[in-house]
Amino acid sequence: MTSRIHARALTRTFGPGTGVSDLDLDVDAGQIHALVGLNGAGKSTLMRLLLGMLRPDRGTVRIDGRELPHAPWARVGHLVEHPFAYGELDARTNLVLAARLHGVPAKVAGTVVDRAMTELGVERYANVRVRRLSTGNRQRIGLAAALQHRPDVIVVDEPTNALDPAGVILFREALLRRAAAGAGVLVSSHHLDEVARVADRISVINAGRLIGTLDPHGIDLERAFFALVHRDDQRQATR
(Lines give C-alpha, C1' and ligand atoms only; values in the text may rest on other atoms or scores of the structure.)
Protein backbone atom coordinates (compact mmCIF):
# COMPACT_ATOMS: atom_id res chain seq x y z
CA MET A 1 0.00 0.00 0.00
CA THR A 2 1.29 3.49 -0.86
CA SER A 3 2.44 5.49 2.15
CA ARG A 4 1.24 9.08 1.88
CA ILE A 5 2.93 10.16 5.12
CA HIS A 6 5.98 8.36 6.49
CA ALA A 7 7.66 9.70 9.64
CA ARG A 8 10.49 8.03 11.52
CA ALA A 9 12.14 8.84 14.86
CA LEU A 10 10.55 12.27 14.78
CA THR A 11 11.70 14.38 17.72
CA ARG A 12 11.17 18.01 18.70
CA THR A 13 11.55 19.28 22.25
CA PHE A 14 10.62 22.66 23.70
CA GLY A 15 11.27 21.95 27.37
CA PRO A 16 10.81 19.23 29.96
CA GLY A 17 7.85 17.05 29.01
CA THR A 18 6.87 18.94 25.87
CA GLY A 19 7.07 18.28 22.14
CA VAL A 20 7.28 14.86 20.49
CA SER A 21 9.85 12.15 21.05
CA ASP A 22 11.17 9.40 18.77
CA LEU A 23 7.82 9.07 17.02
CA ASP A 24 7.04 6.82 14.03
CA LEU A 25 3.87 7.37 11.99
CA ASP A 26 2.44 6.12 8.69
CA VAL A 27 -0.68 7.23 6.85
CA ASP A 28 -1.50 5.09 3.83
CA ALA A 29 -3.32 5.99 0.64
CA GLY A 30 -7.05 5.59 1.10
CA GLN A 31 -6.72 5.60 4.88
CA ILE A 32 -8.19 7.93 7.47
CA HIS A 33 -5.80 7.80 10.41
CA ALA A 34 -7.08 9.52 13.55
CA LEU A 35 -4.80 10.92 16.23
CA VAL A 36 -6.29 11.32 19.71
CA GLY A 37 -4.82 12.58 22.96
CA LEU A 38 -5.34 14.87 25.90
CA ASN A 39 -4.67 18.60 25.62
CA GLY A 40 -0.92 19.15 25.41
CA ALA A 41 -0.20 15.57 24.33
CA GLY A 42 1.61 16.76 21.18
CA LYS A 43 -1.02 16.44 18.44
CA SER A 44 -0.60 19.93 16.98
CA THR A 45 3.19 19.81 17.32
CA LEU A 46 3.28 16.53 15.40
CA MET A 47 1.11 17.93 12.63
CA ARG A 48 3.28 21.03 12.34
CA LEU A 49 6.36 18.83 12.03
CA LEU A 50 4.72 16.71 9.33
CA LEU A 51 3.81 19.85 7.37
CA GLY A 52 7.24 21.47 7.67
CA MET A 53 5.92 24.27 9.88
CA LEU A 54 8.38 23.19 12.56
CA ARG A 55 11.84 21.76 12.06
CA PRO A 56 12.55 18.51 13.93
CA ASP A 57 15.54 18.11 16.20
CA ARG A 58 15.88 14.59 14.80
CA GLY A 59 14.04 12.29 12.45
CA THR A 60 12.64 12.37 8.93
CA VAL A 61 9.31 12.95 7.23
CA ARG A 62 8.37 11.84 3.72
CA ILE A 63 5.25 13.02 1.92
CA ASP A 64 4.38 10.79 -1.03
CA GLY A 65 7.94 9.50 -0.99
CA ARG A 66 9.65 12.89 -0.97
CA GLU A 67 11.53 14.02 2.11
CA LEU A 68 10.83 17.41 3.65
CA PRO A 69 11.25 20.17 2.68
CA HIS A 70 10.85 18.87 -0.90
CA ALA A 71 7.34 17.49 -0.52
CA PRO A 72 4.77 17.98 -3.32
CA TRP A 73 3.01 20.78 -1.43
CA ALA A 74 0.50 21.46 -4.21
CA ARG A 75 -0.94 18.01 -3.47
CA VAL A 76 -1.29 18.63 0.27
CA GLY A 77 -4.31 20.12 2.04
CA HIS A 78 -4.19 21.17 5.67
CA LEU A 79 -5.90 23.05 8.44
CA VAL A 80 -3.97 23.28 11.71
CA GLU A 81 -5.44 25.16 14.67
CA HIS A 82 -7.01 28.14 12.88
CA PRO A 83 -8.33 28.63 9.33
CA PHE A 84 -6.21 31.11 7.39
CA ALA A 85 -8.19 33.67 5.43
CA TYR A 86 -8.07 37.37 4.64
CA GLY A 87 -10.82 38.98 6.68
CA GLU A 88 -11.43 41.87 4.28
CA LEU A 89 -11.90 39.55 1.30
CA ASP A 90 -15.09 37.65 0.67
CA ALA A 91 -15.25 33.89 1.10
CA ARG A 92 -15.16 33.07 -2.60
CA THR A 93 -12.12 35.25 -3.28
CA ASN A 94 -10.27 33.64 -0.39
CA LEU A 95 -10.98 30.20 -1.82
CA VAL A 96 -9.93 31.21 -5.32
CA LEU A 97 -6.60 32.44 -3.92
CA ALA A 98 -6.12 29.18 -1.99
CA ALA A 99 -6.90 27.14 -5.10
CA ARG A 100 -4.41 29.09 -7.21
CA LEU A 101 -1.72 28.67 -4.55
CA HIS A 102 -2.27 24.92 -4.80
CA GLY A 103 -1.75 24.97 -8.54
CA VAL A 104 -5.36 24.93 -9.74
CA PRO A 105 -5.41 26.59 -13.21
CA ALA A 106 -7.13 29.97 -13.35
CA LYS A 107 -9.62 28.81 -15.98
CA VAL A 108 -11.07 26.14 -13.68
CA ALA A 109 -10.46 27.72 -10.26
CA GLY A 110 -13.95 29.23 -10.14
CA THR A 111 -15.59 25.87 -10.82
CA VAL A 112 -13.41 24.17 -8.19
CA VAL A 113 -14.32 26.81 -5.60
CA ASP A 114 -18.04 26.71 -6.34
CA ARG A 115 -18.05 22.93 -5.97
CA ALA A 116 -16.20 23.15 -2.64
CA MET A 117 -18.52 25.80 -1.26
CA THR A 118 -21.52 23.66 -2.10
CA GLU A 119 -19.88 20.59 -0.60
CA LEU A 120 -19.30 22.37 2.74
CA GLY A 121 -22.60 24.25 2.66
CA VAL A 122 -21.26 27.82 2.51
CA GLU A 123 -22.34 28.91 -0.97
CA ARG A 124 -24.73 31.49 0.50
CA TYR A 125 -21.70 33.28 2.00
CA ALA A 126 -19.73 33.50 -1.24
CA ASN A 127 -19.85 37.31 -1.34
CA VAL A 128 -19.62 37.93 2.42
CA ARG A 129 -16.36 39.20 3.89
CA VAL A 130 -14.77 36.51 6.02
CA ARG A 131 -14.46 38.80 9.04
CA ARG A 132 -18.26 38.95 9.16
CA LEU A 133 -18.71 35.19 9.22
CA SER A 134 -19.40 33.20 12.36
CA THR A 135 -16.58 31.09 13.81
CA GLY A 136 -18.25 27.95 12.48
CA ASN A 137 -18.56 29.29 8.95
CA ARG A 138 -14.95 30.50 8.99
CA GLN A 139 -14.04 26.94 9.92
CA ARG A 140 -16.05 25.64 6.96
CA ILE A 141 -14.19 28.04 4.65
CA GLY A 142 -10.87 26.79 6.03
CA LEU A 143 -11.90 23.19 5.46
CA ALA A 144 -13.06 23.99 1.93
CA ALA A 145 -9.64 25.53 1.23
CA ALA A 146 -7.93 22.38 2.53
CA LEU A 147 -10.05 19.97 0.48
CA GLN A 148 -11.07 21.79 -2.70
CA HIS A 149 -8.00 20.98 -4.83
CA ARG A 150 -8.45 17.23 -4.30
CA PRO A 151 -5.19 16.75 -2.37
CA ASP A 152 -3.48 13.38 -2.01
CA VAL A 153 -2.44 14.19 1.57
CA ILE A 154 -4.81 15.82 4.08
CA VAL A 155 -3.78 16.92 7.58
CA VAL A 156 -6.47 18.51 9.73
CA ASP A 157 -6.26 19.42 13.40
CA GLU A 158 -9.52 19.40 15.40
CA PRO A 159 -11.48 20.07 12.18
CA THR A 160 -14.95 19.89 13.72
CA ASN A 161 -14.27 22.57 16.31
CA ALA A 162 -17.04 25.20 16.14
CA LEU A 163 -19.00 23.22 13.55
CA ASP A 164 -22.70 22.64 14.08
CA PRO A 165 -24.10 19.12 13.55
CA ALA A 166 -24.87 19.83 9.88
CA GLY A 167 -21.32 21.03 9.31
CA VAL A 168 -19.88 17.96 11.01
CA ILE A 169 -21.87 15.67 8.72
CA LEU A 170 -20.88 17.59 5.57
CA PHE A 171 -17.20 17.50 6.55
CA ARG A 172 -17.34 13.81 7.46
CA GLU A 173 -18.82 12.95 4.06
CA ALA A 174 -16.26 15.10 2.26
CA LEU A 175 -13.40 13.38 4.10
CA LEU A 176 -14.73 9.92 3.29
CA ARG A 177 -14.96 10.86 -0.40
CA ARG A 178 -11.33 12.02 -0.42
CA ALA A 179 -10.12 8.82 1.23
CA ALA A 180 -12.16 6.69 -1.19
CA ALA A 181 -10.40 8.52 -4.03
CA GLY A 182 -7.00 7.52 -2.60
CA ALA A 183 -6.01 10.38 -0.32
CA GLY A 184 -4.19 9.70 2.92
CA VAL A 185 -5.85 11.57 5.78
CA LEU A 186 -4.49 12.40 9.22
CA VAL A 187 -7.08 13.95 11.52
CA SER A 188 -6.72 14.88 15.18
CA SER A 189 -9.68 15.18 17.49
CA HIS A 190 -10.76 14.86 21.09
CA HIS A 191 -14.19 13.65 19.94
CA LEU A 192 -13.68 9.89 20.07
CA ASP A 193 -17.19 9.05 18.93
CA GLU A 194 -16.81 11.32 15.89
CA VAL A 195 -13.46 9.98 14.68
CA ALA A 196 -14.70 6.41 15.17
CA ARG A 197 -17.31 7.10 12.47
CA VAL A 198 -14.64 7.73 9.82
CA ALA A 199 -11.29 6.35 11.00
CA ASP A 200 -9.64 3.21 9.68
CA ARG A 201 -7.06 3.51 12.44
CA ILE A 202 -6.91 5.43 15.72
CA SER A 203 -3.54 6.15 17.33
CA VAL A 204 -3.20 7.50 20.86
CA ILE A 205 -0.55 10.09 21.66
CA ASN A 206 0.53 10.90 25.22
CA ALA A 207 3.36 13.16 26.35
CA GLY A 208 4.66 13.33 22.78
CA ARG A 209 4.76 9.58 22.21
CA LEU A 210 2.47 7.18 20.37
CA ILE A 211 1.42 4.73 23.06
CA GLY A 212 -1.05 2.43 21.31
CA THR A 213 -4.11 2.14 19.11
CA LEU A 214 -7.86 1.89 19.57
CA ASP A 215 -10.28 -0.22 17.59
CA PRO A 216 -12.62 2.18 15.71
CA HIS A 217 -15.33 -0.46 16.01
CA GLY A 218 -14.69 -1.16 19.68
CA ILE A 219 -17.13 -0.69 22.52
CA ASP A 220 -16.66 2.20 24.98
CA LEU A 221 -13.75 3.92 23.24
CA GLU A 222 -13.61 6.59 25.92
CA ARG A 223 -12.91 4.04 28.66
CA ALA A 224 -10.30 2.29 26.49
CA PHE A 225 -8.62 5.61 25.73
CA PHE A 226 -8.33 6.72 29.35
CA ALA A 227 -7.14 3.28 30.43
CA LEU A 228 -4.36 3.41 27.84
CA VAL A 229 -3.28 6.91 28.92
CA HIS A 230 -3.45 6.01 32.61
CA ARG A 231 -1.27 2.92 32.16
CA ASP A 232 1.28 4.97 30.24
CA ASP A 233 1.33 7.69 32.90
CA GLN A 234 1.91 5.05 35.58
CA ARG A 235 4.77 3.48 33.61
CA GLN A 236 6.43 6.85 33.16
CA ALA A 237 6.00 7.73 36.85
CA THR A 238 7.89 4.59 37.95
CA ARG A 239 10.87 5.19 35.69
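What counts, and where the lines are drawn
Residues numbered from 1 in each chain as written. Predicted model: local features only at pLDDT ≥ 70, side-chain atom pairs only at ≥ 80, totals over all residues. Heavy atoms only, no water. Pairing = 2+ DSSP bridges. Helix = DSSP H or I, 4+ residues; strand = E, 2+ residues; numbered from the N terminus. 1 Å grid on protein atoms, 1.4 Å probe; cavity = no way out; pocket = protein on both sides within 12 Å on 5 of 7 lines; lining within 4 Å. Points joined across faces, edges and corners; volume = space filled by probe spheres on them. Nonpolar A, V, L, I, M, F, W, Y, C, P; charged D, E, K, R; others polar. Patch = residues over 30% accessible without salt bridge, like charges linked within 9 Å, V, L, I, M, F, W, Y side chains within 5 Å. Areas by Shrake-Rupley, 256 points an atom, 1.4 Å probe, with all protein chains shown as cover. Salt bridge = Lys/Arg side-chain N within 4 Å of Asp/Glu carboxyl O. Buried < 20%, exposed > 50% of the residue type's maximum accessible area, 1.4 Å probe, protein only. Expected span 1.5 Å × (residues − 1). Arc of directions from axis to C-beta. Contact = heavy atoms within 4.5 Å. Core = buried A, V, L, I, M, F, W, Y, C linked by side-chain atoms within 4.5 Å. Axes fitted to C-alpha atoms, helices over the stretch in contact; angles between N-to-C directions.

Okay, the sheet that holds strand β4 (residues 58-63) next. One open sheet accounts for 4 strands, arranged β2-β1-β4-β5; its pairing is antiparallel. This sheet does not close on itself; its edge strands, each paired only once, are β2 (20-28) and β5 (66-67).

Bringing the layout of surface pockets into the picture now. Computed from the structure, the largest pocket encloses a volume of approximately 500 Å³. Looking at the largest pocket, it is lined by 23 residues, and the ones nearest its centre are His78, Phe84, Ala98, His102 and Ala145. Among the elements of the structure, β6 (76-79), α2 (91-101) and α4 (135-147) are those that each provide at least two residues to the lining of the largest pocket. For the lining of the largest pocket, the element with the highest residue contribution is α2, accounting for 5 residues. Of the residues in the lining of the largest pocket, the class split is 16 nonpolar, 6 polar and 1 charged. Of the voids in this model, the second largest pocket is the one considered here, and its volume is about 260 Å³. Top contributing element to the lining of the second largest pocket by residue count: β4, with 3 residues. Tallied by class, residues from the lining of the second largest pocket come to 8 nonpolar, 3 polar and 2 charged.

Below, the discussion takes up a nonpolar patch on the surface. Together, Phe84, Tyr86, Leu89 and Leu97 make up an exposed nonpolar region whose accessible area comes to about 420 Å². Assignment of secondary structure puts Leu97 in helix α2. What makes Leu97 partly exposed here is its relative accessible area of 38%.

Further remarks concern helix α5 (residues 165-180). End to end, α5 covers 23 Å across 16 residues, agreeing with the expected 22 Å (1.5 Å per residue, within 8%). The complete set of buried residues in α5 reads Gly167, Val168, Phe171, Arg172, Ala174, Leu175, Arg178 and Ala179. Across the axial projection of α5, the buried residues extend over an arc of 165°, all falling on one side. Of the exposed residues in α5, the ones pointing more than 90 degrees away from its buried face are Pro165 and Ala180. Taken together, the buried residues of α5 touch β3 (32-36), α3 (106-119), α4, β7 (153-157), β8 (184-188) and α6 (192-196). One or two positions beyond α5, positive phi appears at Gly182, with a value near 110°.

Let us look at the nonpolar core. Counting residues in hydrophobic clusters, the biggest one holds 48 residues, and the most contacted among them are Val36, Met117, Phe171, Ile202, Val204 and Leu214. In this view, Leu214 contacts Val36, Leu192, Ile202, Val204, Leu221, Ala224, Phe225 and Leu228; residues no more than four positions away in its chain are not counted. Grouped together as the second largest cluster of nonpolar side chains are 24 residues, Ile5, Leu35, Val76 and Val153 included.

Across the sheet, which stays open at both edges, the 6 strands sit in the order β6-β7-β8-β3-β9-β10 with mixed pairing between neighbours. In this open sheet, the two edge strands, each paired with only one partner strand, are β6 and β10 (209-214). Averaged over all pairs of adjacent strands, the angle between strand axes in this sheet comes to 20°, irrespective of strand direction. Pairing between β6 and β7: 4 bridges, direction parallel. By the bridge assignment for β7, Leu79 is matched with Val156. Along the sheet face, α4 touches β6 and β7 and points at about 165° away from the line of β6.

For the structure on display, the rule yields 1 cavity of 30 Å³ or more. In this model, the largest cavity occupies a volume close to 80 Å³. Together, Pro159, Thr160, Val168, Phe171, Arg172, Leu175, Val187, Ser189, Glu194, Val195 and Val198 line the largest cavity. Mapped onto the lining of the largest cavity, the elements with two or more residues apiece are α5 and α6. Among the elements that make up the lining of the largest cavity, the one with the highest residue count is α5 (4 residues). A class-by-class count of the residues in the lining of the largest cavity yields 7 nonpolar, 2 polar and 2 charged.

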